[in-house]
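Geometric and topological summary
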Amino acid sequence: MKFLVYIETDMGDVVASSWEALGAALSLSDDVEAIVIGDKISVVVEEAVERGAKKVYVVEDETRALFDLERSLADVQNALEMSGADAFLASHTSNGRDLAAALGVSSGAGVIADALELTLEDGALKGVRGVYSGNILVDVTVDGSPQIATLRPRAFAPAEKASEASADVVLMDPADVDSPYEVLEIQRAEKGEISLTEASIIVSGGRGVSKDPELGFDLIRELAGVLGAAVGASRAAVDAGFISYDHQVGQTGKVVRPDLYIACGISGAVQHLAGMGSSKIIVAINKDPEAPIFSVANYGIVGDLFDVVPAMTEAAREKLGK
Amino acid sequence: MRYLVCIKQTPDTAELPKISPEEAESGKLSVNLVVNPWDEHAIEGGLQLMENYGGTTGAVTVGDDGAVDALRSALAMGCKDATLVKHTDEIDAWGVAELLAAAVKHDGDVDVVLTGQMTVDGNSGTVPVALGRKLGWPVLTGVAKIVDLTEDSITVERVVGQTRLTVRTSTPVVLSVIKEIGEPRYPTFINIRKAARVKVPVLTAEDLGVEPPAPVVHVSNYRKPPARDAKVTLFEGTPKEAAAALIDALLEEKVL
Ligand SMILES: Cc1cc2nc3c(=O)[nH]c(=O)nc-3n(C[C@H](O)[C@H](O)[C@H](O)COP(=O)(O)OP(=O)(O)OC[C@H]3O[C@@H](n4cnc5c(N)ncnc54)[C@H](O)[C@@H]3O)c2cc1C
């Protein structure tokens, strides 16, 4: 099966989970091509080659610096026509999801959305995904051409870099389409702020910080800083105004999948678990030994987070030599 | 102006863990059904548009007779009208989008269609874009704030990954919203009483003159995810001792 993998870029930078989509394709086939759309993307194109794409379609243009659904769709359709790929993969980011949906609906092809696993069976893609917010798993196959899947970030190993890689690079003209979207302003995350969905470690705070929310989240940020972690939160902490919504993990926030999730002063409501229940290792810091979070945690400390979190920061600093 | 909110009736999130694979496969759920939480934010967004820019906000859903309850919740929150598109044959996301698109056209001159970002049961988040494509309208996903609406354009703030974009596009438009659009308001007593008495119009695919496409997504082998190997190891002693032991354990696990 021949794959075309979408490598997402944003103002010239690659969206790292794209390499996981490339890795997934390479684990299923030798015949893997990639498409990179963006502006000032030579580094990304080079990396796509190093990571094993056999051919890389490149659309480099000022109008492509930011994702644009109309333009990306048209560029991908052009590349699919040239490549003749049977399958199209993207990471299930906001943009990857929207692109896959637009491609699928316009070609009458189904999408295996937010897949946790992907295999080939009888020459067709078969995905495993969660429904009912991860409480049920299902197998999914799709009709239509191309076969389309989007992959849950951090569920697949990224394609490795090889030193001797080489590939055809095909420079394509940007598709000649008008976009109805006009971007008036861009606000970026602060430098160094780690994306929750891409983070390998997350330290989260909940209502348990209530007695001094500002200090509580300062302590959590400090621990996160030492561990190189992203900062998360429960809805209760967000609704109380302790921290902004973009940090919310759970049912109506972000679904995350880190190697390590440290929940501080979070009870472990099902809606919170819906967002972080598939973390590899869960640590709970909670003063209530009966808190439900302990029933999903691998490790825990029963105690006041205002004492325990700074002690963890200190211990981590010492042991990690920071 | 006319605003139409597309909603879905989904399980109460507190009861999601109780759903068995058999129930999920048959679609006959024994749990309590409510308005999909993301769609409650879409209703809120629709009501704010009505308040800020005039016009009326309606709600529409695709489902069976029971889904009228979700529409009544939307009416109780303040929507002016509601429509059930009754459909019980198996359809996938593209089928839902086809029916919703037909309902939007049937409604007349809709300026803004609002949806939630995703559902808590299907989880794909692909319907909003599919709906926009079926209508041939622009789609803005991840909408956190409506900045301005004019006769022929809309300006919104979108959250895409870690970036916040202010984007303008033409109307009519499809928006999928996130929680930041606003906390869903509580239904008022009067609206609850009124909503209970409304006769909700029911339309079928035939009434709308469409035939939803046969599913192109095939789902099988419903099962519970493997249980977490969850035996918690607790560290005791002073905070300092416990924290040191915990960090050691995490180093041992190779997650630090
Ligand atoms: C439709 C819907 C969607 C939802 N979506 C989300 C979502 O996306 N994300 C989410 O998180 N929730 C969500 N919720 C809310 C969820 O049900 C819980 O209300 C919420 O997760 C509770 O947050 P919490 O654990 O911080 O607060 P609580 O449940 O109040 O827990 C606080 C915990 O802190 C502990 N504690 C208190 N003080 C200290 C201290 N000094 N040191 C250590 N521990 C302390 C307490 O023992 C307690 O366990 C949703 C609910 C609904 C109905």
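First things first, this report covers the structure right here in the doc. The shown structure was predicted, so the numbers you read here are calculated from the model rather than taken from an experiment.

Before going further, it helps to spend a moment on the overall build of chain A. Of the regular secondary structure elements, chain A holds 8 helices and 18 strands. The globule rule puts the C-alpha radius of gyration for 322 residues at 20 Å, and the 21 Å found for chain A is close to it. Here the C-alpha coordinates of chain A stretch approximately 60 × 40 × 40 Å along the principal axes. The burial tally for chain A puts 59% of its 322 residues in the buried class. Of the contacts made within chain A by residues no fewer than 6 positions apart, 65% connect residues no fewer than 24 positions apart. Of the roughly 12,400 Å² that chain A leaves accessible, carbon and sulfur atoms contribute 45%.

Residue and element names in this part refer to chain A. With 5 of 5 residues buried, strand β1 (residues 3-7) lies mostly within the body of the structure. Burial of β1 is two-sided: the residues Phe3, Val5 and Ile7 facing one way and the residues Leu4 and Tyr6 facing the other way are all buried. Both β1 and strand β6 (residues 87-91) contribute to a ladder of 3 bridges, which runs parallel. Paired with Val5 across the strands is Leu89, a residue of β6. Bridge analysis of β1 against strand β4 (residues 32-38) gives 5 bridges, and the strand direction is parallel.

Residue and element names in this part refer to chain A. Spatial strand order, β7-β11-β6-β1-β4-β5-β12: 7 strands in an open sheet with parallel pairing. In this open sheet, the two edge strands, each paired with only one partner strand, are β7 (111-115) and β12 (168-171). Strand-to-strand twist across the sheet, computed as the mean angle between neighbouring axes with direction ignored, equals 20°. When β4 meets strand β5 (residues 55-60), the two strands line up parallel, connected through 6 bridges. The residue bridging Ala34 from the neighbouring strand is Val56, located in β5. Most of the contacts of helix α1 (residues 18-28) go to β1, to which it runs at about 165°, and overall it touches β1, β4, β6 and β11 (147-151). Helix α2 (residues 42-50) rests against β1, β4, β5 and β12 of the sheet, and its axis sits at about 170° to β5.

Take the packing of aromatic side chains next. The full count for this structure, using the stated rule, is 1 aromatic pair over all chains. Ring plane angle 20° and centroid distance 5.8 Å describe the contact between Tyr299(A) and Phe235(B), whose orientation is recorded as stacked. A residue pair is termed interchain when its members come from two chains, as with Tyr299(A) in strand β18 (residues 299-302) and Phe235(B) in the loop between β13 (233-234) and α8 (239-252). For Tyr299(A), a relative accessible area of 12% gives the class buried. Since its relative accessible area comes to 15%, Phe235(B) is described here as buried.

Listed by partner, the interface residues are 80 residues for chain B and 88 residues for chain A. Overall, the association of chain B and chain A removes approximately 7,000 Å² of surface from exposure, summing both partners, and the carbon and sulfur fraction of that is 59%. Among the residues chain B hides against chain A, the three largest losses belong to Arg133(B), Gln162(B) and Arg228(B). Together they make up 11% of the total. At the junction of chain B with chain A, the criterion picks out 5 salt bridges. The partner of Arg133(B) in a salt bridge is Glu70(A), with the nearest N and O atoms 3.3 Å apart. Where chain B meets chain A, there are 36 residue pairs in polar contact (both at pLDDT 80 or more). Counting residues per element, the side of chain B that touches chain A draws most heavily on α8(B), at 11 residues. Grouping the amino acids of the side of chain B that touches chain A by side-chain chemistry returns 43 nonpolar, 20 polar and 17 charged. With 2 bridges connecting them, β18(A) and β13(B) associate as parallel partners. Looking at β13(B), one finds that Gly300(A) is bridged to Leu234(B).

The next thing to look at is the site of the ligand. What surrounds the ligand is a group of 28 residues, the closest being Arg207(A), Ser234(A), Gln248(A), Ser267(A) and Gln271(A). Flanking the ligand are residues from chains A and B. Within the backbone of Gly253(A), a nitrogen or oxygen atom sits 3.4 Å from an oxygen atom of the ligand. Here the ligand loses 80% of its free accessible area of 980 Å² to cover by the protein chains. Those elements that provide at least two residues to the shell around the ligand are α6 (235-239), α7 (270-276) and α8 (305-320) of chain A.

Right, let's get into the sheet that holds β18(A). Here we have 6 strands laid out as an open sheet, ordered β15(A)-β14(A)-β16(A)-β17(A)-β18(A)-β13(B), and parallel in their pairing. Each edge of the open sheet carries a strand with a single partner, namely β15 (230-233) of chain A together with β13 of chain B. In this sheet, strand β17 (residues 281-286) of chain A lies alongside strand β16 (residues 260-264) of chain A in parallel orientation, the contact comprising 5 bridges. Opposite Tyr261(A), over in β17(A), you have Ile282(A) as the bridge partner. Packing of α8(B) onto the sheet brings it into contact with β16, β17 and β18 of chain A, and relative to β18(A) it is tilted by some 175°.

All right, on to the pattern of salt bridges then. Scanning all chains against the criterion turns up 31 salt bridges over all chains. In this structure, Lys40(A) engages Asp39(A) in a salt bridge whose closest nitrogen and oxygen atoms are separated by 3.6 Å. Note on Lys40(A): relative accessible area 66%, which makes it exposed. Look at Asp39(A) and you get buried, because its relative accessible area is 14%. Among the salt bridges present, the one from Lys126(A) reaches Glu121(A), with a minimum N-O distance of 3.1 Å. Three or more residues joined by partner-sharing salt bridges are found here, namely Glu121(A), Lys126(A), Asp139(A) and Arg223(B).

About the criteria used
- The residue count restarts for each chain, going from 1 along the sequence in the order it is written.
- Starting at A for chains and at 1 for ligands, labels are handed out in the order in which the entities are written.
- Totals for whole chains, interfaces and linings use every residue, but because this is a predicted model, local features are given only for residues with pLDDT of at least 70 and side-chain atom pairs only at 80 or more, for both listing and counting.
- The side-chain numbers reported here are obtained from all heavy atoms of the structure, hydrogens and water having been left aside.
- Comment: elements are numbered from the N terminus, with helices defined as DSSP H or I runs of at least four residues and strands as E runs of at least two.
- Throughout, radius of gyration means the C-alpha value; the globule benchmark is 2.2 Å times the number of residues raised to the power 0.38.
- Relative accessible area decides the class of each residue, using a 1.4 Å probe on protein chains only: under 20% of the type maximum gives buried, over 50% gives exposed, and in between gives partly exposed.
- Two residues qualify as a contact provided that any one of their heavy atoms is within 4.5 Å of a heavy atom in the partner residue.
- Areas reported as accessible are Shrake-Rupley estimates using a 1.4 Å probe. Residue values count occlusion only from the protein chains shown.
- In this scheme, strands are said to pair when DSSP sees at least two bridges between them.
- Axis lines are fitted through C-alpha atoms, for helices just across the contact stretch, and the angle between N-to-C directions can take any value from 0 to 180 degrees.
- Two rings belonging to Phe, Tyr or Trp (six-membered ring only in the last case) form a pair when the distance between their centres is within 6.5 Å. Interplanar angles under 30 degrees mark stacking, angles over 60 mark edge-to-face geometry, and anything in between is tilted.
- Accessible area, probed at 1.4 Å, shrinks when two parts are joined; the buried area is that loss added up over both.
- By convention in these notes, a salt bridge is any Lys or Arg side-chain nitrogen within 4 Å of a carboxyl oxygen on Asp or Glu.
- Any pair of nitrogen or oxygen atoms within 3.5 Å is treated as a polar contact; in protein, a donor-acceptor pairing is required on top of that, and neighbouring residues in sequence qualify only through side-chain atoms on both sides.
- Polar here means any residue outside two lists: the nonpolar Ala, Val, Leu, Ile, Met, Phe, Trp, Tyr, Cys and Pro, and the charged Asp, Glu, Lys and Arg; Gly therefore counts as polar.
- Any residue with at least one heavy atom within 4 Å of a molecule or strand is counted as near it.

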